Amino acid sequence: MATNAPNGGIRIKSRTPLEHEIASRGATLSNNTFPPSQFIVRCAPSPALVISCGCIIVDPPARKIAILHDPHTNITQLPKGRKNINEDIHAAALREAHEETGIPVTPLPLRIATRATPTEDMLHLVGRTEEGFAEDVTTAVENCEPVAVCYYRCSGTLAYKLVFWYAARGDSSLRPVDGTKEAWEEQYQVEWVGARSAAARMTMIADGEVIDKVIHDMVASGYDV
């Protein structure tokens, strides 16, 4: 049980016996690596959430990744932004990537390890447990699921921010399209860099980890990168 805190977060009330049981069970299954509090289900009301979406834009033949540098803040990052109301998060990621970079992008299906449920036509590719059930993590099916999610408390709004990251394909030989950026993004500088060197250019460590994850998924999908 919870109520809204003044800062938009959650004020925890006393827990029910079931909640204590779930938390204790989770801590036991994790060999006490995580404290019981990590397994308590919490509610963040909609005003306390920011959902953002972005892309790692890859040119597979050139083995390059597009990155953004903001000379006003000296931050180098990946293209991302908030979703629009009623917008699908994958569509939002592709839109934001194009808007901030001017690079036309398309989805890049990869063998992304995912806990999303495989559809009926995929089951012949999915591993099985000893009991005959589909494995919990699917690894052999090309898909366009998020490659990673970053999450943190936004220092400006105090909202919980979730950033869903997707792999996208772009062409480094083409000149970016003009007029796609918002007014506050005009200073963004787009650069195509070697895929293996892109992570080290990121200002945020987590952005570099997202890039490393995409490279891992590309290798698993048969790309030479």
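Just so we're clear, the structure is a prediction, and the values are computed from it rather than from any experiment.

Peer 1: Can you walk me through the overall build of the chain in this structure?
Peer 2: For the chain, the count of helices and strands is 4 helices and 10 strands. Along the chain, helices and strands appear, N-terminal first, in the series β-β-α-β-β-β-β-α-β-β-β-β-α-α. In terms of principal-axis extent, the alpha carbons of the chain reach across some 60 × 50 × 35 Å. Buried positions account for 39% of the 225 residues belonging to the chain. The long-range fraction of contacts in the chain, counting pairs at least 24 apart against all pairs at least 6 apart in sequence, stands at 65%. Summing over all exposed atoms, the chain offers an accessible surface of approximately 13200 Å²; the carbon and sulfur share of this is 55%. Distance between charge centres in the chain, computed from 22 positive and 28 negative side chains, equals 6 Å.

Peer 1: Would you explain unusual backbone geometry in this entry?
Peer 2: In terms of backbone geometry, most residues other than glycine have negative phi values and most peptide bonds are trans. Its identity is not glycine, yet Arg63 carries a phi of approximately 55°, on the positive side. Even without glycine at this site, Asn86 takes up a positive phi of about 70°. With respect to the helices and strands, Asn86 occurs in the loop between β6 (80–82) and α2 (89–101).

Peer 1: Is there a simple way to explain helix α4 (residues 205–220) in this structure?
Peer 2: Along its 16 residues, α4 runs 23 Å from first to last C-alpha, staying within 8% of the 22 Å computed at 1.5 Å per residue. Considered for burial, the residues of α4 that qualify are Asp207, Gly208, Val210, Ile211, Val214, Ile215, Asp217 and Met218. On the buried face of α4, the contacting elements are β3 (49–59), β4 (64–70), β5 (75–77), β8 (148–153), β9 (160–169) and α3 (195–201). With its phi angle positive at about 95°, Gly222 sits one or two positions after the end of α4.

Peer 1: Explain the UniProt feature "domain: Nudix hydrolase" (unreviewed entry) in the chain to me, please; I cannot follow it from the model alone.
Peer 2: UniProt marks residues 48–216 with the feature "domain: Nudix hydrolase" (unreviewed entry), using the numbering shown here. Secondary structure over residues 48–216 splits into 19% helix and 28% strand, and the C-alpha atoms at its two ends are 33 Å apart.

Peer 1: Explain helix α1 (residues 17–29) to me, please; I cannot follow it from the model alone.
Peer 2: Helical geometry note: an α-helix holds 3.6 residues per turn, so side chains three or four residues apart project in the same direction. Taking 1.5 Å as the rise per residue, α1 with 13 residues should run 18 Å; its terminal C-alpha atoms sit 18 Å apart, in good agreement. One or two residues past the end of α1 sits Asn31, with phi positive at roughly 55°.

Peer 1: Just to check I follow, could you spell out the packing of aromatic side chains for this structure?
Peer 2: How two aromatic rings sit relative to each other is given by the distance of their centres and the angle of their planes. Applying the stated criterion across every chain yields a total of 0 aromatic pairs. For the cation-ring pair, Arg153 lies above Tyr160, with the distance from its terminal atom to the ring centre recorded as 4.4 Å.

Cut-offs used in this document
Residues numbered from 1 in each chain as written. Predicted model: local features only at pLDDT ≥ 70, side-chain atom pairs only at ≥ 80, totals over all residues. Heavy atoms only, no water. Helix = DSSP H or I, 4+ residues; strand = E, 2+ residues; numbered from the N terminus. Buried < 20%, exposed > 50% of the residue type's maximum accessible area, 1.4 Å probe, protein only. Contact = heavy atoms within 4.5 Å. Areas by Shrake-Rupley, 256 points an atom, 1.4 Å probe, with all protein chains shown as cover. Lys, Arg positive; Asp, Glu negative; His and termini not counted. Charge placed at Lys NZ, Arg CZ, Asp CG, Glu CD. Expected span 1.5 Å × (residues − 1). UniProt positions renumbered as here; feature names shortened; annotations may be inferred. Phe/Tyr/Trp six-rings, centres within 6.5 Å; stacked < 30°, edge-to-face > 60°. Lys NZ or Arg CZ within 6 Å of the ring centre and 35° of its normal.

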